[in-house]
Amino acid sequence: MTDIAPLDDGSELCVACGICCDGILFSSVTVTDPSEAERVRALRIPVHVVDERHFFDQPCSALGDKGCSIYTERPLLCHAYRCLLLKQVDAGTMPLADAVRTVEEARRREVEIRALMNLDVATDGTPLVQLYRQFLLDNADQPDCRESPESRELIKRFEHHQVELAKNFEPAMITV
Ligand code: SF4
Ligand code: SF4
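A quick note: this is a predicted structure, and the numbers were derived from the prediction, not measured. (Residues numbered from 1 in each chain as written. Chains lettered and ligands numbered in written order. Predicted model: local features only at pLDDT ≥ 70, side-chain atom pairs only at ≥ 80, totals over all residues.)

## Thoughts on the overall build of the protein
At step 1: What the protein contains, in helices and strands, is 8 helices and 5 strands.
At step 2: Sequence-ordered secondary structure for the protein, helices as α and strands as β, is α-β-α-β-β-β-β-α-α-α-α-α-α.
At step 3: Taking all 176 residues of the protein together, the buried fraction comes to 26%.
At step 4: When contacts within the protein are restricted to residue pairs at least 6 apart in sequence, long-range pairs at least 24 apart make up 68% of them. (Helix = DSSP H or I, 4+ residues; strand = E, 2+ residues; numbered from the N terminus. Buried ≥ 20, exposed ≤ 12 C-beta atoms within 10 Å, placed from the backbone. Contact = placed C-beta atoms within 7 Å.)

## Let's talk about the site of ligand 2
At step 1: In the vicinity of ligand 2, the contacting residues are C21, V29, C60, A62, L63, C68, I70, R74, P75 and C78.
At step 2: Across the shell around ligand 2, the residue classes tally to 9 nonpolar, no polar and 1 charged. (Near = placed C-beta within 6 Å. Nonpolar A, V, L, I, M, F, W, Y, C, P; charged D, E, K, R; others polar.)

## Structural notes on the packing of helix α4 (residues 84-91) against helix α5 (residues 96-116)
At step 1: Between α4 and α5, whose axes approach to 9 Å, the crossing angle comes to 170°. Here α4 lies roughly antiparallel to α5, going by the angle between them. Together, L85, Q88 and V89 of α4 and L96, A99 and T102 of α5 make up the contact between the two elements. (Axes fitted to C-alpha atoms, helices over the stretch in contact; angles between N-to-C directions. Parallel < 35°, antiparallel > 145°, perpendicular 65-115°, else oblique.)

## Digging into the nonpolar core
At step 1: With 33 residues, the main nonpolar core has I19, C20, L25 and F56 as its most contacted residues.
At step 2: Of all the elements in the fold, those that place two or more residues in this core are β1 (28-31), β3 (53-57), α3 (76-80), α4, α5, α6 (128-138) and α8 (149-168).
At step 3: Filtering out sequence-adjacent residues up to four positions away, I19 remains in contact with I24, L25, V103, A106, L165 and F169. (Core = buried A, V, L, I, M, F, W, Y, C linked by C-beta atoms within 7 Å.)

## Quick look at unusual backbone geometry
At step 1: Of note, the amide linkage connecting Q58 to P59 takes the cis form, showing an omega dihedral of 0°.
At step 2: Tracing the sequence through the fold places P59 in the loop between β3 and β4 (63-64).
At step 3: Residue D51 is not a glycine yet carries a positive backbone phi of 50°.
At step 4: Mapped onto the elements, D51 comes out in the loop between β2 (48-50) and β3.
At step 5: A count of 4 C-beta atoms within 10 Å places D51 in the exposed class.

Shown next as structure tokens:
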């Protein structure tokens, strides 16, 4: 997440979403300058500095069960970020209800993928991307496990989820 757009309030859609915070679109968020870095640290988000770039990692430590836990004070770049969906709502080319439905569909896919991992959203708040990376690590040296029908279905569903997220939210998203 590095682009800065005009600041205004995408809260109606965003508070029900948080997809740009859970690590599936971005691996980190740039912090605009050292004074902003201090403000973000005071919000208890660890900020790193590499080659003079200030950033914090995703999945974001401020992401709670109900979206951003520091929404009104969120970092400048979070405030400024607009995914494709939000840009369309802002431009009046997509009704808010359709955008909410797209977020709900993404969340439903996530629930289905978690179910394939035998996990329940309500009982495990670990971001999906972390769980999926762990699944890949656990099976890295066991190719037979990745070939089981259950694993193949999980990999197929996750990859489809990424394609849909890139199409609807962020074409420049990371791939796992
Ligand atoms: S992914 Fe888009 S709609 Fe969802 S919280 Fe981020 S900017 Fe808002
Ligand atoms: S600070 Fe809030 S809006 Fe920004 S990445 Fe973290 S959870 Fe998302």
